[in-house]
Amino acid sequence: MRFISHVLAVLCLAMSAAAAVPADWQTVYEQSGFVQTSRYDQTVEFCKRLAIASRGKAEYRVFGKSPEGRDLPMLLVNYESDTSKPLLLIWAGIHSGEIDGKDAGLMLLRDALVLGQYPQLLSGVRIAFIPILNVDGHERWSAFNRMNQRGPKEMGWRTTAQNLNMNRDFLKTDAPETRALLKQMTALKPDFLLDIHVTDGADYQYVLTYSMNDHEDSPEPLRKYTHEQFLPEVKRTLKSAGYDFVPQVFFKDGEHIESGWVSPVFEPRFSTGYGTVINRPSLLIETHSLKDYHTRVTATYELLKAVIQTVSVQGGLLKNSIHRSNVQTSNLAGKKYYVSWDNTNDSTMVDFLGVDYRREYSPTLGDSVVRWLGTPHTYRIPLFEKSAPTDSVVVPYAYIIPPAWLPLVEDLLKLHNIPLTRTTRPMELAYETYRFNKVEFGKKPYEGRFRASYQSTPIRQTATFPTGSGVVFLDYPRAQITIHLLEPSGPDSFVHWGFLNQIFEQKEYAEAYIMDTLATRMLKESPPLAAEFMSRLADSTFAKDPQARLQFFYEHSPYWDARKDVYPIARITDPNDFAVMRRLMGKIER
């Protein structure tokens, strides 16, 4: 009852506030009685009017084009003012059916810039607000785009016109919209990232949930700021406005509340994970899809106010945490770095404000299904917030990318603002790389790509790297992105995403009539090989497969392609090898 009373009170206040807004400044959402949202053209027009009416405090900017030719819109607020103020980058509609942030953001900026409300709210912060990031998906307009979402009346689609989920795209950047966003990050240098969504999944009492990079994978200064300064202050502010602000709801077994509540670490393909590897606090908001649209937008409005106020007040703390994180990640060479994480079994018992449910067998679906009953119910369940590393690498002093392979990765390195130096002379160097085995590919595409899985073994080699090879040093703040892209074990590496699938292909083959003679001689001259072959013959599948037997001898012969399944990018891990490389490169400009 308390939650229902709170919602009714909030709705009454919102209706009263909307009535006080001049008719020509009401959004489509307000004009419709809080059940509809604006189309793309209406949104752009509203942004342009806001910029004009702001008397120079806001600027409308186009920061890119979508695949269907639409402008990507942005409002810059206080951008040209004191640059010592933190810059907050906010985007809504990365999944454009989840569009609460657009309406909440437009109303809040209107109230502050045009109607004169909250005169101090924007005084200590600069804002870049993207009302719709996935503009093409936004215009795939229908009342049937989100089955489990209560409003707006009609909405956009989850993915882009190229059917890409942008919140899986932050490292590989296949979507033009993602590339445009990252270029803006380089240009604007934001201090804080805010990504606004609407959740899927279970029913519960909370309106606002979040994911944030305050886990153990984040640099300590960033983690301490988000965990000890930012989140407590935002939670206090929202609590005073009547909202609990809790971690995004994932159940440990994926289905049952009683199994526990999990707060996971997100890989760099996600916005929160990307914030970690660029040393920026990154907050992802999920309003609850089973709450009505008015309730969700009102909550998002309050959330935006709380975040802007907190970032403004904590600007010095925020910038200091970024600076100290940059120093830390500029000194990773020679140290162990954890590329993947998972939740541990350590937990804390908490109250979860859920609702009653029962399970019923569905003869239509042939399985049991959940029936949410709507009655508030508090569950006492474990919360799993702690994480531990599952894989690591020793960070090299530099990577060397031969010129033949640079075209496959160079543009993406530049997009992520990773400095790349081209060599001006050949260099013979000892280095470390990887040999892959047990290579498999996904049976269906994931985000447009067939991802590779494999095991890798470090190997030492010596080679001459031609003039024009690309060198990436690891003594700069964005070293984490470099590691995640260039270390094959990284969950979002070039190799995992299929950028370098050529290395797994066999291009030359053996003729049986030649291999027969060669194999007989190899068995006679190499007792260890003969023993290995006899051991393999114990496998009846191998013994009965002439092609497998021929392949065995081909792979052990001097004719075998020594580059197959070998990573073509070099890791300079030994300090002596690094000293030789620096001497050969001479004085360099980076």
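Presented here is a report on the structure given in the accompanying data block. Predicted model only: the values in this text are computed from it and were never measured. (Residues numbered from 1 in each chain as written. Predicted model: local features only at pLDDT ≥ 70, side-chain atom pairs only at ≥ 80, totals over all residues. Heavy atoms only, no water.)

**Describing the overall build of the protein chain**
Okay, step 1: In terms of helices and strands, the protein chain carries 17 helices and 19 strands.
Okay, step 2: Taking 590 residues into account, the globule formula puts the C-alpha radius of gyration at 25 Å, and the protein chain, at 28 Å, falls close to it.
Okay, step 3: For the protein chain, the spread of C-alpha atoms along the three principal axes comes to 95 × 70 × 45 Å.
Okay, step 4: Within the protein chain, buried positions represent 56% of all 590 residues.
Okay, step 5: Of all intrachain contacts in the protein chain linking residues separated by at least 6 positions in sequence, the fraction that spans at least 24 positions is 78%.
Okay, step 6: Charge-centre separation for the protein chain: the mean point of 67 positive side chains lies 3 Å from the mean point of 68 negative side chains. (Helix = DSSP H or I, 4+ residues; strand = E, 2+ residues; numbered from the N terminus. Rg over C-alpha atoms; globule rule 2.2 N^0.38 Å. Buried < 20%, exposed > 50% of the residue type's maximum accessible area, 1.4 Å probe, protein only. Contact = heavy atoms within 4.5 Å. Lys, Arg positive; Asp, Glu negative; His and termini not counted. Charge placed at Lys NZ, Arg CZ, Asp CG, Glu CD.)

**Points about the side chain of aspartate 203**
Okay, step 1: Within the secondary structure layout, aspartate 203 lies in the loop between strand S5 (192-198) and strand S6 (208-212).
Okay, step 2: Buried and unpaired, aspartate 203 has no salt bridge, with lysine 291 as the nearest side chain of opposite charge at 4.3 Å.
Okay, step 3: Each residue touching aspartate 203, except ones within four places of it in the same chain, is listed here: His288, Leu290, Lys291, Val355 and Trp372. (Salt bridge = Lys/Arg side-chain N within 4 Å of Asp/Glu carboxyl O.)

**Here we look at the sheet that holds strand S1 (residues 58-65)**
Okay, step 1: Strand order in the open sheet formed by 8 strands is S1-S2-S4-S3-S5-S9-S6-S7, and the pairing between neighbours is mixed. Each of the sheet's edge strands pairs with one partner strand only, and the pair in question is S1 and strand S7 (245-247). Between one strand and the next, the sheet's axes are offset by a mean angle of 25°, whatever the strand orientation.
Okay, step 2: Most of the contacts of helix H7 (residues 220-240) go to S6, to which it runs at about 170°, and overall it touches S5, S6, S7 and strand S9 (282-287). (Pairing = 2+ DSSP bridges. Axes fitted to C-alpha atoms, helices over the stretch in contact; angles between N-to-C directions.)

**Some points on helix H17 (residues 575-585)**
Okay, step 1: Within the span of H17, buried status applies to Asp577, Phe578, Met581 and Met585. Along H17, the residues classed as buried sweep out an arc of 100° about the axis, all on the same side. Turned more than 90 degrees away from the buried face of H17 sit Asn576 and Arg583, all of them exposed.
Okay, step 2: Next to the buried residues of H17 lie strand S14 (398-401), strand S15 (421-422), strand S16 (427-441), strand S17 (452-465), strand S18 (470-473) and strand S19 (570-572).
Okay, step 3: N-cap assignment for H17: the residue whose side-chain oxygen lies 2.7 Å from the backbone N of asparagine 576 is aspartate 574. (Arc of directions from axis to C-beta. Polar contact = N/O pair within 3.5 Å; in protein donor to acceptor, adjacent residues only side chain to side chain.)

**What to know about the pattern of salt bridges**
Okay, step 1: Under the counting rule described, the total for this entry stands at 32 salt bridges.
Okay, step 2: Between lysine 224 and glutamate 228 there is a salt bridge, with its nearest N and O atoms 4.0 Å apart. Taken together, the residues lysine 224 and glutamate 228, both in helix H7 and 4 residues apart, mark about one turn of the helix.
Okay, step 3: Overall, glutamate 228 belongs to the partly exposed group, its relative accessible area being 45%.
Okay, step 4: With a shortest N-O distance of 2.8 Å, glutamate 233 and arginine 236 are connected by a salt bridge. Linking glutamate 233 with arginine 236, this pair stays in helix H7, spanning 3 residues, or about one helical turn.
Okay, step 5: On the accessibility criterion, arginine 236 (52% relative accessible area) is exposed.
Okay, step 6: Here the salt bridges share partners, and the residues they tie into one network are Glu98, Arg146, Arg158 and Asp200.

**Overview of helix H12 (residues 479-486)**
Each full turn of the α-helix corresponds to 3.6 residues, which orients residues three or four apart in the same direction.
Okay, step 1: In terms of residue burial, H12 counts as a mostly covered element, since 8 of its 8 residues are buried.
Okay, step 2: Listed in full, the buried residues belonging to H12 are Ala479, Gln480, Ile481, Thr482, Ile483, His484, Leu485 and Leu486.

**Examining the packing of aromatic side chains**
Okay, step 1: Inspection of the entire model under this criterion finds 36 aromatic pairs.
Okay, step 2: Each ring, one from tryptophan 261 and one from phenylalanine 352, has its centre 5.0 Å from the other, and the planes form 80°; the classification is edge-to-face. Here tryptophan 261, found in strand S8 (residues 261-262), pairs with phenylalanine 352, found in strand S11 (residues 348-362); they are 91 residues apart in sequence, far enough to count as distant. Accessibility assignment for this pair places tryptophan 261 and phenylalanine 352 in one class, buried.
Okay, step 3: Put simply, the rings of Tyr434, Phe436, Phe441, Tyr454, Phe504 and Tyr567 touch in pairs and so form one group of aromatic residues.
Okay, step 4: Residue placement shows arginine 449 over the ring face of phenylalanine 499; its charged tip is 4.0 Å from the ring centre.
Okay, step 5: Taking NZ or CZ as reference, arginine 536 lies 4.1 Å from the ring centre of phenylalanine 542, over its face. (Phe/Tyr/Trp six-rings, centres within 6.5 Å; stacked < 30°, edge-to-face > 60°. Lys NZ or Arg CZ within 6 Å of the ring centre and 35° of its normal.)

**Quick word on the environment of arginine 380**
Okay, step 1: Looking at the secondary structure, you find arginine 380 in strand S12 (residues 367-384).
Okay, step 2: Sequence spacing of arginine 380 and isoleucine 99 is 281 residues, and the spatial spacing of their C-alpha atoms is 32 Å.
Okay, step 3: Those residues within four positions of arginine 380 in sequence are excluded, and the remaining contacts are Met349, Val350 and Asp351.
Okay, step 4: One polar contact links the side chain of arginine 380 to the main-chain carbonyl oxygen of methionine 349, over a distance of 3.4 Å.
Okay, step 5: A distance of 3.1 Å separates polar atoms of two side chains, one belonging to arginine 380 and the other to aspartate 351.

**Focus: the environment of proline 376**
Okay, step 1: Examined against the element boundaries, proline 376 turns out to sit in strand S12.
Okay, step 2: Proline 376 sits in the partly exposed class, given a relative accessible area of 48%.
Okay, step 3: Sequence separation between proline 376 and tyrosine 357 is 19 residues; the distance between their C-alpha atoms is 9.8 Å.

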